[in-house]
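Understanding the architecture of this molecule
Residues per chain are reported as follows:
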Amino acid sequence: MLSNIGVPGLILILVLALIIFGPKKLPEIGRAFGQTLREFKKSTRELTSDVMEDFEEEKKEATKAPK
């Protein structure tokens, strides 16, 4: 989705954001976006690790069960 923007598109978006939000609000918005992205990644990692732990437990139980 974002791979087709290119450098001129990014510059246009940044200029529009600067005009709309102003130079004082732009760093705050960037920080909030970064924090949100960090939390999302953390939640995704935790969810993935929980699923993998469950998978490993089931795999161990399956190998221990008599055939």
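Above this text is the structure in question.
Residues numbered from 1 in each chain as written. Predicted model: local features only at pLDDT ≥ 70, side-chain atom pairs only at ≥ 80, totals over all residues. Heavy atoms only, no water.

1. Looking at the overall build of the protein
What counts is decided by this rule: For the purposes of this entry, the term helix denotes a DSSP run of H or I that reaches at least four residues, the term strand denotes a run of E that reaches at least two, and both are numbered from the N terminus. The globule rule is 2.2 Å times the number of residues to the power 0.38, and the radius of gyration it is compared with is taken over C-alpha atoms. Relative accessibility thresholds used throughout: buried, under 20% of the residue-type maximum; exposed, over 50%; partly exposed, between the two (1.4 Å probe, protein chains only). The Shrake-Rupley method, run with a 1.4 Å probe, gives the accessible areas here. Residue values count only the displayed protein chains as cover.
Along its length, the protein carries one helix and zero strands. What you see for the protein is a C-alpha radius of gyration of 22 Å, clearly larger than the 11 Å of a compact globule of 67 residues, by over 25%. A principal-axis box enclosing the C-alpha atoms of the protein has dimensions of 70 × 25 × 10 Å. Taking all 67 residues of the protein together, the buried fraction comes to 4%. Only carbon and sulfur atoms are counted for the fraction: they give 67% of the accessible area of the protein, which is about 6600 Å².

2. Looking at helix α1 (residues 6–64)
Selection rule: Multiply 1.5 Å by the residue count of a helix minus one, and that product is the helix's expected span. Bending is quantified residue by residue as the angle between axes fitted to the seven-residue window ending at that residue and the seven-residue window starting at it.
For α1, spanning 59 residues, the distance from its first C-alpha to its last is only 54 Å, which falls clearly below the expected 87 Å at 1.5 Å a residue. Residue G22 marks the point of greatest curvature in α1, where the axis turns by about 105 degrees; the proline P23 follows within four residues. For α1, the set of buried residues is G9, A17 and G22.

3. Re a negative patch on the surface
Selection rule: Two joining distances apply to patches: 9 Å for like charges and 5 Å for nonpolar side chains (Val, Leu, Ile, Met, Phe, Trp, Tyr), and every residue must have over 30% relative accessible area and no salt bridge. The term salt bridge refers to a pairing of a side-chain nitrogen on Lys or Arg with a carboxyl oxygen on Asp or Glu at a separation within 4 Å. The positive count covers Lys and Arg only, the negative count covers Asp and Glu only, and His and the chain ends enter neither. Charge placement uses NZ in Lys and CZ in Arg. For Asp and Glu, CG and CD serve respectively.
Taken together, E39, E46, D50, E53, D54, E57, E58 and E61 make up a surface patch of like negative charges. For E39, the position within the fold is in helix α1.

4. Topic: the environment of L18
Rule in force here: Residues are treated as being in contact if the distance between any of their heavy atoms lies within 4.5 Å.
Its place among the elements puts L18 in helix α1. Using a relative accessible area of 41% as the deciding quantity, one classes L18 as partly exposed. The contacts of L18, once residues within four sequence positions are left out, are P23 and L26.

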